[in-house]
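# Structural description and commentary
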Amino acid sequence: MKFHFKTGLLALALLGSTALGAVNAQAADKEINWIYCGDSIDPIHVKYIKQWEDKNPGWAVKPEVVGWEQCQDKATTLAAAGTPVAMAYVGSRTLKQFAENDLIVPIPMTDEEKKSYYPNIVDTVTSDGQQWGVPIAFSTKALYWNKDLFKQAGLDPEKPPTTWAEEIADAKVIKEKTGIPGYGLSAKTFDNTMHQFLHWVYTNNGKVIDGDKIVLDSPEVLAALQAYKDITPYSVEGATAYEQNEMRAIFLDGKVGMLQAGSGAAYRLKDTKINWGVAPLPLGPSAKGQGTLLITDSLAVFKGTGVEDKAIEFAKFITSPGPQAEYELQGGAGLTPLRPSPLVDEFEKKDPFWKPFIDGISYGGPEPLFKDYKGFQNVMIEMVQSVVTGKAQPADALKKAAADLEQYK
């Protein structure tokens, strides 16, 4: 299945003259153009870009900073138009779509490279047995709880829930005893609504797709969707109005009892007066161990620039253990380390709240890869919203979503 936009955008490639194209191609022989998402280039990346350039005379890495909301669309538009950049920062969820449309090149990993990552990380960039990107950013989730609200509700403030049943029960008690929502459920029309739900799927040994087979309609996922329905009455009212950062702000204001969030929330909580704790995500009845959704962003190398090999070399360098650890362990950005190391051990010893974010990796699962990722995402969001708003029962919503996903796999 091709990108819907590809046919129309290919015409854009005709806007440049042959002469201009030749000049660009010549300039690109010694340049690696990089679409870099964000507001500015991280100083650590600036440092290592210079280091790589010093070791590769005649080559220059040219980052172009593009805002988060536009960067992936820009990389996609240029590639579909036949004028790709050498490399771009993309959500790993899109790699299969890029690969299916022959827009990127594979970036094979050696067994040694694969083993250097935490378990299941490589799966986030793997489709049809090949790796299509190099992970550069990684996030997991854990459960935050407000100890003061637990105490106010008559719950043990040092005992967070370990199962869904306990989590729902605690949320109910908090809501009934304090009048404050016990749980912060996000269900806005936003990609994180799907992500938040997938954390529940992966804490109950569930899956969305297995190879090319849709396995969403399973007892494990049904239990997760039912738990979502069960906790909704004790969550923030009007969950479809909130995405994760908005819900996090409510928690930071002391107005919700529990929240699943990334490590960045811990750094923000340090600046509040809230008495808080962080624990592994509670588990569903079919869980085999601590789980979480494994979300990575990756460096994708685009096809047709003439510098693919050198771009792969640079992508592997900038994400190698030394530079990567320095980048991801700055704290505050919500990143989880991609690889175990003595440095990570020291970091965890200094800030013990890190442990739940790492413990969930072993039984975690990747963002499912679909040929049409946005189509997949929209189906999942609609499914969650239909249950949270009471428009559909979990079993019916799940069955409909599983059927709808067939066209996007």
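Below you will find a few notes about this structure. Every value quoted in this text rests on a predicted model; they were computed, and no experiment measured them. (Residues numbered from 1 in each chain as written. Predicted model: local features only at pLDDT ≥ 70, side-chain atom pairs only at ≥ 80, totals over all residues. Heavy atoms only, no water.)

Across its full length, the protein chain carries 18 helices and 13 strands. In terms of its C-alpha atoms, the protein chain occupies a principal-axis envelope of roughly 75 × 45 × 35 Å. Here the protein chain holds 409 residues, and 56% of them are scored as buried. For the protein chain, restricting intrachain contacts to residue pairs at least 6 apart in sequence, the fraction spanning at least 24 positions comes to 78%. Roughly 17,700 Å² of accessible area belongs to the protein chain as shown, and the carbon and sulfur atoms make up 52% of that amount. Between the mean site of the 42 positive side-chain charges and the mean site of the 51 negative ones, the protein chain shows a separation of 1 Å. (Helix = DSSP H or I, 4+ residues; strand = E, 2+ residues; numbered from the N terminus. Buried < 20%, exposed > 50% of the residue type's maximum accessible area, 1.4 Å probe, protein only. Contact = heavy atoms within 4.5 Å. Areas by Shrake-Rupley, 256 points an atom, 1.4 Å probe, with all protein chains shown as cover. Lys, Arg positive; Asp, Glu negative; His and termini not counted. Charge placed at Lys NZ, Arg CZ, Asp CG, Glu CD.)

Turning next to the environment of Glu64. Secondary-structure assignment places Glu64 in strand β2 (residues 60-66). On the basis of relative accessible area, Glu64 is assigned to the partly exposed category, the value being 33%. Separated by 26 residues in sequence, Glu64 and Gly38 have C-alpha atoms that sit 9.8 Å apart. Aside from chain neighbours lying at most four places away, what touches Glu64 is Trp34, Ile35, Tyr36 and Lys74.

Let us now look at the state of the cysteines. Evaluation of the coordinates by the stated rule reveals one disulfide. One disulfide in the model links Cys37 with Cys71; its S-S distance is 2.1 Å. Around the S-S axis, the bridge from Cys37 to Cys71 shows a dihedral of about 95° and counts as right-handed. Of this pair, Cys37 sits in strand β1 (residues 31-37) while Cys71 sits in helix α4 (residues 68-80), and the two are 34 residues apart along the sequence. For the residue pair Cys37 and Cys71, the accessibility class agrees, reading buried in each case. (Disulfide = S-S within 2.5 Å.)

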